Amino acid sequence: MMLVHIGQTNTAEEFTTAGCARLKMAFTPTDIFDESVSKQKVGTKEFAEAVVNHLGKKPHTLKAVTYKSNGGGETFGGETIVKERSDTKKDLVGVDVFVDWTKGSPNNLGAALSSVASGDLKLVMISNRGVKVWPGGNSETFCSDNWRCRFMPQTSGATITHEQIIDLLTRIAGAGFDFIKTENLCNFDGERGYSLDQGAE
């Protein structure tokens, strides 16, 4: 990627082709060795040497890799990997607000954030370390100081705006909470494009 970025696409193509060829021959480093498909397990040094020895050779079973000279994209066999999705309908349907908080239980946090949520958005779930802890979480779940707080529209199936998210964050900050990042929740062609934590629906 760095070679492509600095315009050395020919060198990048050589290294990628050589590396893929060695992997295709099941000549695999220890960290990705799989007995069901790998034939020979090697260390990083041995794998690097094998890639170097394969430089300049054309692949027999794989399509040659090519990179655009302007760094605009990666292609395999002439097909661009990243394509535009202009025909995909993207809807903003919620937001996860992550807060740094150590002042009580999940129920305490849920009650406090519910009271500062804007009229258009409601707090529907809080998770910690990938597990739902509010509402109805398990009291035995060990929690860290990093909480994911999910806000969704009051009306099920509705979309939200960036302005609503900004208003929500203003309310959260005004109530003294330290939010550390946000993640927008989107649907693509009506399908959920975000994850559900363990225990969430």
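In what follows, the structure referred to is the one given above.
Note that the structure is a prediction, hence the values are computed from the model and not measured.

Caption draft 1: View of the side chain of R150. Mapped onto the secondary structure, R150 falls in strand β9 (residues 146–153). R150 gets classed as buried once you look at its relative accessible area, which sits at 4%. A distance of 2.7 Å separates a polar atom in the side chain of R150 from a polar atom in the side chain of D96. Of note is the side chain of R150, whose polar atom sits 3.2 Å from the backbone oxygen of S195.

Caption draft 2: Spatial organisation of helix α5 (residues 162–174). The terminal C-alpha atoms of α5, which comprises 13 residues, lie 18 Å apart, in line with the 18 Å expected from a rise of 1.5 Å per residue. Listed as buried for α5 are Q164, I165, L168, L169 and I172. Along the axis of α5, the buried residues cluster in a sector spanning 135 degrees; they form a single face. Across from the buried face of α5, at angles greater than 90 degrees, the exposed residues are E163, I166, T170 and G174. Its buried side turned inward, α5 meets β6 (90–100), α4 (106–116), β7 (121–128), β9 and β10 (178–188). Positioned one or two residues after α5, G176 has a phi angle of 95 degrees, which is positive.

Caption draft 3: Highlighting the side chain of N128. Within the secondary structure layout, N128 lies in strand β7. Its relative accessible area of 0% is what places N128 among the buried residues. Looking at N128, its side chain comes within polar contact range of the main-chain oxygen of N146, at 3.2 Å. When sequence neighbours within four positions are dropped, the list of residues in contact with N128 reads V133, F142, C143, S144, N146 and W147.

Caption draft 4: Quick peek at the pairing of β6. Most of β6 sits inside the fold, with nine of its eleven residues counted as buried. With ten bridges joining them, β6 and β10 adopt antiparallel strand pairing. Paired with D100 across the two strands is D178, which belongs to β10. Inspection of the sheet shows β6 paired to β9 by six bridges, in the antiparallel sense. The residue of β9 that forms the bridge with F98 is R148.

Thresholds, definitions, all that
- Residues numbered from 1 in each chain as written.
- Predicted model: local features only at pLDDT ≥ 70, side-chain atom pairs only at ≥ 80, totals over all residues.
- Heavy atoms only, no water.
- Helix = DSSP H or I, 4+ residues; strand = E, 2+ residues; numbered from the N terminus.
- Buried < 20%, exposed > 50% of the residue type's maximum accessible area, 1.4 Å probe, protein only.
- Polar contact = N/O pair within 3.5 Å; in protein donor to acceptor, adjacent residues only side chain to side chain.
- Expected span 1.5 Å × (residues − 1).
- Arc of directions from axis to C-beta.
- Contact = heavy atoms within 4.5 Å.
- Pairing = 2+ DSSP bridges.

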